[in-house]
Every structure is written in C-alpha cells, then in structure tokens.
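Observations on the three-dimensional arrangement
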Amino acid sequence: MNRRDFLFAAGACLALPALAKAADKLPPKRLLAIHVPLGMMPAFFFPKAGEASSPYLDLLAKHRDQFTTFSGLSHPGVDGNHHAGQCFLSGAPHPGQPTFRNSLSLDQLVAEKMGEDTRFASLGVAVRQGEHYADSVAVSRSGVTLPSEASAEKLYRRLFVAGTPEEKAATMRRIAAGGSVLDLLLDKAKRLEKSSDPQDRARLDQYFQSIRELETRLQRNLAWENRPKPKVDYPMPKDIADANEVVARSHLMFDLVRLALQTDSTRVVTLSLSTFSVVPHVPGVKNETHGLTHHGNEPDKIAELRKIEEAQLAVFSEMLAAFRDTRETGGNLLDRTQVLYGSCLGNANSHSNQNLPMILAGGGFRHGQHLNFDTVNNTPLANLYVSMLQNLGVEADKFATSTGTLRGLRS
Amino acid sequence: MRKLLQSCALFAGALASAAEPRVFLEKHCYECHDKETKKGGLDLESLGSEKQQLDHWIKIHDAVADGEMPPAKKKSQPTASEKAAFVAELDTRLTAASTAAHPAGTQLRRLTRQEFENSLKDLLALPRLDITGMLLADGRVSGYDKIASGLDLSPGHLAAYQEAIEKALDVAIATQSTAPRVYNKRIYPAGLFKFGANLSHGQYVLLKDKQPDPALPVRGGFEDKKGHVGFEGPDLKDRGALVKSPAVAQSQSAVGLLNPNLAGYEAAMNVAPIFAGNYRLRLSVWGFRWANGRPNPCGAPQAAVLRAHEEGKQQEGGRLLSAFTAPSMESKEGEIVTWLDAHESIVFDPVSVPWNGLRIGQVAGRAAKHVGPGVALDWFEIEGPLNPVWPPVSHTRLFGQLPIKPFVPGSDIVPPRREKIRSFGGYLPSMYLDLTAAERTPKLETVSSEQPVEDARKLLADFLPHAFRRDVTASEIEPYLKLLQTRLEAKDCFEDAMRRVYVAILTSPEFLFLPAPADDTTLATRLAYWLWNGPPDDALLAAARNRSLHRPEILRNQIDRLLADSRSERFYQDFARQWLELGRLDETNPDPLLYPEYRFLLGQGVANETPSFVRELITKDLPARSLVKPGFAMLTQRLAEHYGIAGVTGVEVRKVALPPESLRGGLLGQASIHKLTANGTTTSPVKRGVWVSDRLLDSPAPPPPPGISAVDPDTRGTTTIREQLNKHRTDPNCAACHAKIDAPGFALEAFDPVGGLRSRYRSNGQGDLPTEKGRTDWKVEYKLGPSVDASGELRDGRAFRDTSAFVDLLASDEEKLARAFVAHLARYATGSEVSFADRAEIRRIVAQTKANGYGLGSLLHALAQSPLFISHSR
C-alpha cells in the first residue's frame, strides 16, 4: 500500500467529514458481488489448520493485504444444492422446497438506498451458457429474480453509446407513448379496485403498484435521456460467440463492470460467472465443468477441475489489479468498492451448502486476514452482509438471517 | 345406583376417548414419543392443538391411517375399531382446521408466462412465437407455476410483457401490400461450404447410386499408423482443388456423413430466410454401415435431424425442427412445414452416428479404413415463405381488411420503423440473390385508414372480446379509442398508434388476469387454460354465452372436444413437465466416460417418452395401475435399443406392447425419471425416493434438518451409494425419515443415471471389463464395479426383494395412485393448493371411477365436474 493510500485509509478511520472537507469530493462507495455458482474445491481454497494460505489463495498473493477470506459461513436453512444460488444474496431458506419464497437481496437493498443518483440503480451481469439456476443473484422485494445481461456488446451500448438524434427522438416518442399507455392502465386499475372483492384486491393492488412504479421509472428515464452518457477510452466489444471461452468472456465483463463503476453509471453490480454446460477453453481441460464438479474423489477429474478453478481465480486476480490501478480522488477504485467473491456451494461434489468459500476485497475494510468461524455450527453469512451494509453507510443492524455484524471484520 | 353411576362414568370415559385424539396417543404412542423418550425426535406430548400445528397433526393422521404407526413390531396394538375411531375423529377436526386455515376458492391470478405466450399466439394466429425467455420466471408452489400464491406481479413483469408484445406485433403486422417472393430451391450438398471442407478431409464421402463416386476418391492415408494423425497429408491440396472443381461442387451426388456435428454449425445448408414465415422443408436421406471403403446395409435405420440456429448463434445448440428416419440403403423423403424466423440458418445433423472423440479425417487410415454407421443426404429443398392468403391472418386479426398503402411523406406524421431487408453475410447469400432491387429496398408501405377512430372502433369490437375472453360493452372500448386519438395527435401514423392500443389491451388486467370460476364464462376460461394451456375458442365461449356449459353433458362434450383438439398437446406436454418435474432433465449432462451411449438421439427419445405416455393414459382412459405397470411403452428406435427392446425402427414415438414381466413402460421404468433424479454421474436413492413419494404418491418427504452434512459420492468403484447412505440410516434421528424416503430409491438403483438397467455400478477406477466393450459403435472405457442391491422395505413394513417386486407393490395400491394423480391434476387445473380439507372430495372423485379401475381419463372428467374445479367450494 503506498503512502497516499495509507493516509486515506487512516483518515477514513478517524473522522470522515474532516477528510471529506480536505479532499476533493470523494467518490461514492460501491458494491460488486460476484457469484461463482459451481464453487471452489474446499481442499484447495481453505487454509489448513495452522497455515496462513492455501493453493488457491496463493494465486491471489500479491493482493493479500486487500482482501479477507472466511471459513465457517453459510446461510442457515439454505439447502437445495444448486437452488441455493438464488439465495446467495438473500439468505431465504429452503430454496428447493415447493413452498419457497425468495426475499430482497443485499444488492437490491443497497440499490434502493444508493441507486437514485446514477443512471442505473443497479446492474446485473452474467457470463453463462443457457438458462440455469444462478444466472442472477439479484432478487426484488417481491422475491422475483431479476434478469442479468450476458451480452457485453449490449451492456456497452446501454452504458456508453448515445443514440443518434433520430434514435433519441424515437426514444422520447416511445417514452411519451409509454406514458399514455400507463395513464390508461392506471385509470383502469383504479376502477377495478373499487369493484372487486378483498381477496382479488390484493392481487390487483400489486398490478396497481407496478404501474405506478413503471410511471416513476419512465420519468427517470426521461430525465436520464437528456443527460449525455459518459465517454470511455475503450472500444465497443463484440460478443465472444464461443461459450467455452469463459476466461475471455469473464475478462471482458470485468472490464465493462470496472468502467461502469468508474464512470458512476451505477454503484451496485452483481455478476454471475457460470461454467454450467461449458468446457472452458483452458489447457488440459476436456470435460464439461458441472460434470467435473461431481468428481467422486477421482484424482484425474479433480486435477482437471482445479485447472478451471485456477484459471477463474487468475482472472479475478487481474480484475483486482485493474481496480487498484484505477486512480480516483483519494485512492483507487478498489478502496471504494466492496468486492464480494464467493459461492452458494461449499462442496460441489457433495452438493453441500455449508462452509461457503467467501472472499471480501476492497471497500475500505482492514484486510489481510483469514477469519475462521465454526465449521460444524456455521455463522450466518448475512452477518457479513450487515457489516458490509454498515460500511456502505446504510443504516442496518439486521439483514435476512443475520444475528449481528461479523466478528473480527473491521472498517 | 352405584352401578348406574359406574356405567355412566364408563360411558363418559368411552365418549371422552372417542372424542379426544390425545387419549389414543397416550395409550399407543407415548411409549416411544413422550417428552422424555422422543424417539426419532418426535415429542407428541408437547404437541400444540390441531390449529396450531396442523402439518404435524396431518402427518400423525396419515402415519396411523397408512399403517406405518404404531410399527408392526410393537407388541400392543390398537384394535381396528380404536384405530378407525381415532382416524375418523382426527379427520373431522383436521378438515375443520384446514378449511379455516386456507382461503376458500380458486383465486384470481395472472397468466403464467407459458399461458401468456400461448394467449398471444392464439389471439394473433401466429404459427410460432418464442417469447417466454423474455418474461420473468414464475414462482412455483408444490412444483406448479399455475398456483396463485406463486404468481406475483412486479414492474419488471409489466416491462417484460410490453417488450414481448412488441415482438409479437413485429411478426404479426404486414409491412407490404403484396406477399414476399417465394423462394424455392433444391440444394445438393456437395457444393456447400462446410460439406466441402469435410469432403476434403474425408469424414464425409461423395456417393453416387449408393456407391462411392469416383469423382472424389475415398480418402485414405497413414494406414501404417494408429490413432490420431491429423488432417494434413500430401493429398490434401489436390483434394481441396478437386472439391472446389465443378465436377464435385456442382455435382448432384449424395454426401455420406461419417461423423455427427460436434457443436451446431457443421453440416450447414447455407440458407437462411430473409422473411420470417412458414417454410416447406424436404430432404432425402438414407443410412448405411461404412466398411471396406463403401456403404453397406446397416440393418436398423439411421437417423438425422434438421435444426435452426438463431442469427449469430451458429455455434450453440440450435432448435430442433424435425427428426428423420434414414432406412438402410434406401432413400427416404421427409417433409415438414415449419415456421422460420428471419436469418435463422438451417443445419443438418446425422445424429445416429456416434462420436468417439476424433474426426474420421484425423484418424490413421481415414475413411478408407473406417468402420461405422453413416447417414447420406441426397438433397435438401426449401420453399417459402408460404402465404396462402395475404395479408396473413395475424395481420387481419389486428387491422381487418384495411388497405396497406404507400406512406405519404411530407406531412409531419412520423413514419413507421422498418427493419432493413438484408441477407446473412459471408457465404449465405442464397435467398437474397433472387430478390430484385425493388424488393431489396421496398417502398415504405403501411396500413392506412381514412376514418381512424371509426375503423378502430370496429376492429376493437372484434378484438377486445377475444382478448378479454368475454363480451365487452361499448363503454369498455372508449378508453382505448381515446388513447388512439392521443397518439394520432402526437403525430403517430395509424399503424403505430394502433400498436400502442394493442399494447395497452394486452397489458390490461382483463387480459393478464384469470378470474376465479364464478359463472359459465369464467368456467370456460379456466377450462381452456387447463386443457389447452391457452385461451378458449369461439365454440367454447358460445357454450358459455348461452349458459349451458356447467350442465354435466355439455361440459363432458366440451372436455372431449378440447382433448381431441391439437391444442391439447400443450396440456399434455406442460402438465407432464410440471407434474413429473421433466424440466429437471436438462439440468445435467451425463459423464461422457461413464455413459458414452447417451447422445442427442437418445436424449430426444427419453424426453418424448413421458409426455406421450401421459397422453396415452388419459386419452385411452387406462386404469391407474398403468402408471407403473402399463404393459406397453412409448418408444423411438433409439430408446428401444437403450431398453433392450427389439423390433422398433424409426424416429417417431409409438406404442409398443411389452411382456408382463418387463420393467419398462411405466413411470418407474422411464429413463426420463431416472435421469432427472440423478446428477449425470451418480444416482441418489434419496432424490429418487423423494420424487416417488412426492410426485407419484402425493406424500412429500419432509426437508432435511438444518446442519446435516451431505454425502460425498465416490465413483472410484469401492463404495456404493447404499453403503454410504447406511451410515445415515443407522442413526435413529436420520432413520425416522430415511426409512420411508429411501425405499423407492433403493428399488430404482437398478437404473443408472441415464435410465439403463444395471446389475453392477459403472466406475472410472477399479472394476471388471464390461461384456459390451468392443461391441458397440461408441467407445466403452468404463469398468464394472460393485453389484447393485435393489431390495428394501416400504413405510408400512412390506418388503420387496427387487425392482419388480417394488413395482408390483405400488401397482397394487391403485386407489392411492389414483388419489395422488387427482391431487396433482387438481393443482394444475384449479391453480390452488390441495389442502387436507380437499381430501374428502378427492376420495369421492376417485370412488366414482372405481368401476373401470380408476381410469385416468375418467378421473379427469370427474375432477372437471367436481366443485373443486367448478367453484372450489367445499
């Protein structure tokens, strides 16, 4: 850590308002949550007793003072193996059960609080092949999993490409037309509410609220339509057609996420890196990833899976480096961005949802440690989320199944 | 007097024990399940009231009623009358508690995303509409997306609906006054780009009159070596030139394919439609066994498919258009009429040809030495877009007969947007070449109206009743006409202004929501969304309009009509998928080393067997026991081979009679069920047991307690899953549930993760050589490990020594199978959960059909006539 970073960090611990006066306006704090649906083999991720590092953590060695790792964390009541992906950020219990209802995810709560000032309240992004369980970890208040964008090109357009004057005019017309349609529907909904019985009213009320919410969004879109999009020194990417190019696709998405945060287009990003149905283009890898995660303890399969997981961690390491190299007032992008990297699976071979592999980087926390919680009776992962919320300036002492903040993690 | 008092006390005591279930519990259950002993973690002494802990009391009721508890080995047992009184009393109390706990009646709910798509499709008469992927996923309750409590509505939903409607309107609205030019061409494969490359390398061969065509010699080379040698060779340059020369490139010879497609874009037809529409595709194929450098008879036919790839996604899977049977050494023509979107590219794939890791052109000896199955393509034809009328029906649904005229520029009216007419670049120009310059850049035309509001009024007077599935009053049309006027004033052209109106209609609550059945019209709607997964047609609405639909004979006739209509296929597919969890089939890919026999063609047979089976059971009104012991199976050729059933040829699904001792045919013998309850590598008796309990018997297993460590499967061949699970079953806390859950799973251990019968587990580690090694067209590299033990014991103590014995036990529980079927069908049909209070009605429905062995068709009719469906009143 260079002297300037250290000063900033030390200042942040003392008295933030004073620092804010001294520096140019500090960049806002952000949240980037990365989900790896197929997990990481615990034998290589977690440090063994008495050891400081592990084979996988060694790959991130040059960033060691920038992140914290955890063992013994999971969401109580969240089982259902792959189904747990949709609960990674919400902690809603028993996702595999017929009666399951999901709940608000961490990133969407943060988006509610911090999303007003940016073009996009949040962004959901994915690297994937086909539709699978954990293409998105963002969940709305009503328990609906929000869609994620898998096309780098489309994402770039949304973020940085202004329309031509004709396109703009067309968009304005579309917004106006949309408004007229909503007026009609609002009117209808009001009338229907009066005439229906109480049971039905609750359902129709959801409809009513949705229309109103769309109206609000339309107004916001109108306002943003009139503001120019940021310029970036990065060419428009072309989507990588081969789904097996997972490493290249991940690089590309990480780049775009970094640009989105840097330009304050959004402050909340979720990213799902799925290798389901993919034979990653990594030397020595010939088999589809999910099949490999059910290695049955066969050494050949474990070795092949390890190559895939190491490749993914290498991309993550490069992302951290790129964030650190992105200068901002008062420091770098990583200082002001909480980066969560983990999985809903503690052990893909046995489909265990306990003892989840988790990394927290950046965000101005004091890092460089491995926090050990009880691997038999896990500590709620949501405790970490409460600590993260507080660090982001969100007033919260509870989230989902939390029992407090996470012991040992300090800002 | 004393005697009188005594007998009064006795009498009162007897009344008390009859009335109070806890007395029974204390007498027969507390020995193991009181506060101190708590056997299996169950403490009955501290149990709350029926209202407070309804689910627990229901489990107690069922455990005693089904004979599970008290366990048979307990010495003192309740008498038959004690048990009956206890169960009856609990039944009454629980029915009351359940009625109070659950909202009465089917609720208002929104359309599921599949229903939304089907509604748009039918409304706009579109042959194909693929928009469910644009919509947000529905919530599921008890595995069904039809249930009101799982169907919320958020702004995200509405935004997605709007996008999907715009896409549907893009397809439906005609943008020109005359039909697009019909393209009609026969394509010979030898000149196609990808075929040429493969012909050069030698995994495709040029064939004339069913023999190698001397115009391009069969490729040999490196005969002295073994295994992988690469494509290069001294002959490659000359071959390349030969393939490009007119003798080959313009040849009408057939091409024999010795390798299947690896990923998408291999044997591409080099043609993509410019205009979306219906196309007639024809081809001629035949199968052979390649040996000694030439085609030979192959016995059973081969198979090939045509797929369509979305623009820009040539590498990925593609969607299946149709499969074709390729008989041995005999050309067979196949034809389909199918909807193609613009710029979808057509690809051919010889799916019966196995893939063994290398292309023939890379292997020593190449085609000259190769031995294996092959499929030959003689020619391929494409004709379309087929438009028997113009403008198409979808357009007239929206705009009637209003003329499509040139757009007049000059006024400040904004012209409608049009997609450019373009070809797929690179080496796929075919259809574009036929278009004239005027057709490539057509004049801007749009539907026009001299009196927009009046014309719109007429259009909506027809459209709205169809969209809202009921009659509409004139005042209901007004708001939409006002919207039209607003948009016209904002300078929209008529076409765009009407688009806004249609978006508004199709996001109105009258379209999006299904009301609870209250009268004949709402009954018609619910019936259609049950049996067609889509909106009612005019005939059904007419029956509703004259208030006759609820009459039993009319209702019965309408149900028969709906089931006979082709739209019922949507019900069979969707219900089978939801009931039997077929959506899980795509979740796993079988390990290619352990299960090399599983490729696309087998997957297709596996996926088609179950919905066809469900359709057969219902349409032929077969008895409930047929669910597990039908005496027939719904098979394709490949699936029959997989099951070891001889004499079935061709790609179509058909009914095949089976000998009585066969394990195949019923749900427990179907590979789809085996695959979806496994993970592609290993089977799980727990998963399968859970599936049987929940989907076949409607008694779902409880979830695992928190903090349970999962089993770490081991496929190195030393330990079986049964041995590993035993550790859990010997723990009394685990055994309580697992004793019940696992039994069906153990019976099904005889089936591997891809539905094959096995007596030994396959392993990648230790084991013996399988007898099939060297005898199959695919490479066998797995070994055979420990033996399979498929014995077990049911919840009520009945033991079975193998899979067949288990199936017989289940088949004998016909009434239970029937009740479970009705419960599941009721969830789908009514969009409501099935509660304890509904059991009496379900029992009544089932009893009605006892005479014909609880025929599934009869059960469906009985459900439709019951208050459960009609008004969901109790």
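Computed from a prediction, not measured in an experiment: that's the story for all the values here.

Cut-offs applied
- Residues numbered from 1 in each chain as written.
- Chains lettered and ligands numbered in written order.
- Predicted model: local features only at pLDDT ≥ 70, side-chain atom pairs only at ≥ 80, totals over all residues.
- Heavy atoms only, no water.
- Helix = DSSP H or I, 4+ residues; strand = E, 2+ residues; numbered from the N terminus.
- Rg over C-alpha atoms; globule rule 2.2 N^0.38 Å.
- Buried < 20%, exposed > 50% of the residue type's maximum accessible area, 1.4 Å probe, protein only.
- Contact = heavy atoms within 4.5 Å.
- Areas by Shrake-Rupley, 256 points an atom, 1.4 Å probe, with all protein chains shown as cover.
- Lys, Arg positive; Asp, Glu negative; His and termini not counted.
- Charge placed at Lys NZ, Arg CZ, Asp CG, Glu CD.
- Buried area = accessible area lost by both parts, 1.4 Å probe.
- Salt bridge = Lys/Arg side-chain N within 4 Å of Asp/Glu carboxyl O.
- Polar contact = N/O pair within 3.5 Å; in protein donor to acceptor, adjacent residues only side chain to side chain.
- Nonpolar A, V, L, I, M, F, W, Y, C, P; charged D, E, K, R; others polar.
- Core = buried A, V, L, I, M, F, W, Y, C linked by side-chain atoms within 4.5 Å.
- Pairing = 2+ DSSP bridges.
- pLDDT = per-residue confidence, 0-100.
- Axes fitted to C-alpha atoms, helices over the stretch in contact; angles between N-to-C directions.
- Disulfide = S-S within 2.5 Å.
- Parallel < 35°, antiparallel > 145°, perpendicular 65-115°, else oblique.
- Left-handed = near helix turned anticlockwise from the far one by under 90°.

Comments concerning the overall build of chain A
- Looking only at helices and strands, chain A features twelve helices and eleven strands.
- Taking 2.2 N^0.38 as the reference for a compact globule, 411 residues should give roughly 22 Å; the C-alpha atoms of chain A span a radius of gyration of 22 Å, in line with that estimate.
- Each principal axis of the C-alpha atoms in chain A carries an extent, and together these give about 65 × 55 × 45 Å.
- In chain A, buried positions account for 57% of the 411 residues.

Brief notes about the overall build of chain B
- Scanning chain B from N- to C-terminus turns up 33 helices and 22 strands.
- Taking 2.2 N^0.38 as the reference for a compact globule, 874 residues should give roughly 29 Å; the C-alpha atoms of chain B span a radius of gyration of 32 Å, in line with that estimate.
- Dimensions along the principal axes, computed over C-alpha positions, put chain B at roughly 120 × 80 × 45 Å.
- When the 874 residues of chain B are sorted by exposure, 54% land in the buried category.
- Long-range pairs, those at least 24 residues apart, make up 75% of the contacts in chain B with a sequence separation of at least 6.
- For chain B, the exposed surface amounts to about 36,500 Å²; the carbon and sulfur share of it is 53%.
- With 108 positive and 106 negative side-chain charges, chain B shows a separation of 3 Å between the mean positions of the two kinds.

Comments concerning the interface of chain A and chain B
- Each side of the interface is counted separately: chain A has 52 residues, and chain B has 61 residues.
- Counting each side, the surface lost to burial between chain A and chain B is near 4,800 Å², with a carbon and sulfur contribution of 53%.
- There are three salt bridges connecting chain A and chain B.
- A salt bridge links Glu510 of chain B to Lys188 of chain A; the nearest nitrogen and oxygen atoms lie 2.8 Å apart.
- Across the chain A-chain B interface, the total number found is twelve residue pairs in polar contact (both at pLDDT 80 or more).
- If you list the elements that add at least two residues to the side of chain A that touches chain B, you get helix H7 (165–195), helix H8 (198–225) and helix H10 (289–293) of chain A.
- Looking at the side of chain A that touches chain B element by element, the count peaks at eleven residues for H8 of chain A.
- Tallied by class, the residues present in the side of chain A that touches chain B amount to 17 nonpolar, 21 polar and 14 charged.

Some remarks on the nonpolar core
- Residues Trp530 and Phe571 of chain B are the most contacted members of the largest nonpolar core, which totals 96 residues.
- For this core, the element with the highest residue contribution is helix H30 (residues 814–830) of chain B, accounting for nine residues.
- Beyond its immediate sequence surroundings of up to four residues, Trp530 of chain B is in contact with Phe571, Leu825, Tyr828, Ala829, Leu860, Leu863, Ala864 and Phe869 of chain B.
- In this structure, Leu185 and Ile211 of chain A together with Leu129 and Leu460 of chain B belong to the second largest nonpolar core, which totals 66 residues.

Considerations on the sheet that holds strand S12 (residues 345–349) of chain B
Residues and elements named next belong to chain B.
- Spatially, four strands are ordered S6-S12-S9-S10 in an open sheet, and the strand pairing comes out antiparallel. Each of the sheet's edge strands pairs with one partner strand only, and the pair in question is strand S6 (267–268) and strand S10 (319–326).
- Where strand S9 (residues 302–309) lies against S10, seven bridges are found, and the strand directions are antiparallel. The residue of S10 that forms the bridge with Arg307 is Leu320.

Here's the deal with the confidence of the model for chain A
- Of all residues in chain A, 91% have pLDDT values of 70 or greater, and the mean over the chain is 87.
- Scored below 50 in pLDDT, residues 1–23 of chain A shows 18 contacts in the model against residues more than four places distant or in partner chains.

Considering the pattern of salt bridges
Residues and elements named next belong to chain B.
- Under the counting rule described, the total for this entry stands at 63 salt bridges over all chains.
- With a closest N to O distance of 2.7 Å, Glu115 and Lys146 form a salt bridge. With Glu115 in helix H6 (residues 113–123) and Lys146 in the loop between H6 and helix H7 (155–172), this pair connects stretches of sequence that are 31 residues apart. Neither residue differs from the other here; Glu115 and Lys146 are each classed as buried.
- Close ionic contact of Arg319 with Glu344 constitutes a salt bridge, the shortest N to O distance being 2.8 Å. Linking Arg319 in strand S10 with Glu344 in the loop between strand S11 (332–340) and S12, this pair joins segments that are 25 residues apart in sequence.
- Of the residues examined, Arg319 reaches a relative accessible area of 19% and is grouped as buried.
- A relative accessible area of 4% means that Glu344 is categorised as buried.

Section: the side chain of Glu841 of chain B
All names here are of chain B.
- Within the secondary structure, Glu841 is located in helix H31 (residues 839–848).
- What makes Glu841 buried here is its relative accessible area of 17%.
- A polar side-chain atom of Glu841 sits 3.3 Å from a polar atom in the side chain of Ser866.

Describing the sheet that holds strand S4 (residues 123–127) of chain A
Residues and elements named next belong to chain A.
- A sheet is described by the order of its strands in space; here seven strands give the open sequence S4-S5-S1-S8-S9-S2-S10, paired in mixed fashion. With one partner strand each, in any of the chains shown, S4 and strand S10 (370–372) form the two edges of the open sheet. Each adjacent strand pair in this sheet contributes to an overall mean axis angle of 15°, direction not counted.
- Relative to strand S8 (residues 337–342), strand S1 (residues 30–35) is paired through six bridges, and the arrangement is parallel. For His35, the partnering residue across the bridge sits in S8 and is Gly342.
- Each of S1, strand S5 (268–273), S8 and strand S9 (358–362) is contacted by helix H11 (residues 299–325), which is oriented at about 175° to S8, the strand it contacts most.

Notes on the state of the cysteines
Residues and elements named next belong to chain A.
- Inspection of every chain in the model, using the stated rule, returns zero disulfides over all chains.
- The structure places no disulfide on Cys87, whose sulfur is separated from the nearest cysteine sulfur, that of Cys344, by 8.4 Å.
- Cys87 sits in the buried class, given a relative accessible area of 0%.
- When its relative accessible area of 4% is taken as the criterion, Cys344 is described as buried.

A closer look at the packing of helix H5 (residues 106–114) of chain A against helix H12 (residues 381–391) of chain A
Residue and element names in this part refer to chain A.
- Viewed as axis vectors pointing N to C, H5 and H12 meet at an angle of 20°, and their least axial separation amounts to 11 Å. By the angle between their directions, the pair H5 and H12 is classed as roughly parallel. Here the hand of the crossing between H5 and H12 comes out right-handed. Counted together, Leu106, Leu109 and Val110 of H5 and Tyr385, Met388 and Leu389 of H12 form the full contact between these two elements.

What to know about the packing of helix H20 (residues 538–545) of chain B against helix H21 (residues 552–564) of chain B
All names here are of chain B.
- Remark: H20 packs on H21, axes separated minimally by 11 Å, with the N-to-C direction vectors making an angle of 170°. Judged on the interaxial angle alone, H21 and H20 are roughly antiparallel. Facing Ala539, Leu540 and Ala543 of H20, the residues of H21 in contact are Gln558, Arg561 and Leu562.
- Residues that form the contact of H20 with H21 fall into these classes: four nonpolar, one polar and one charged.

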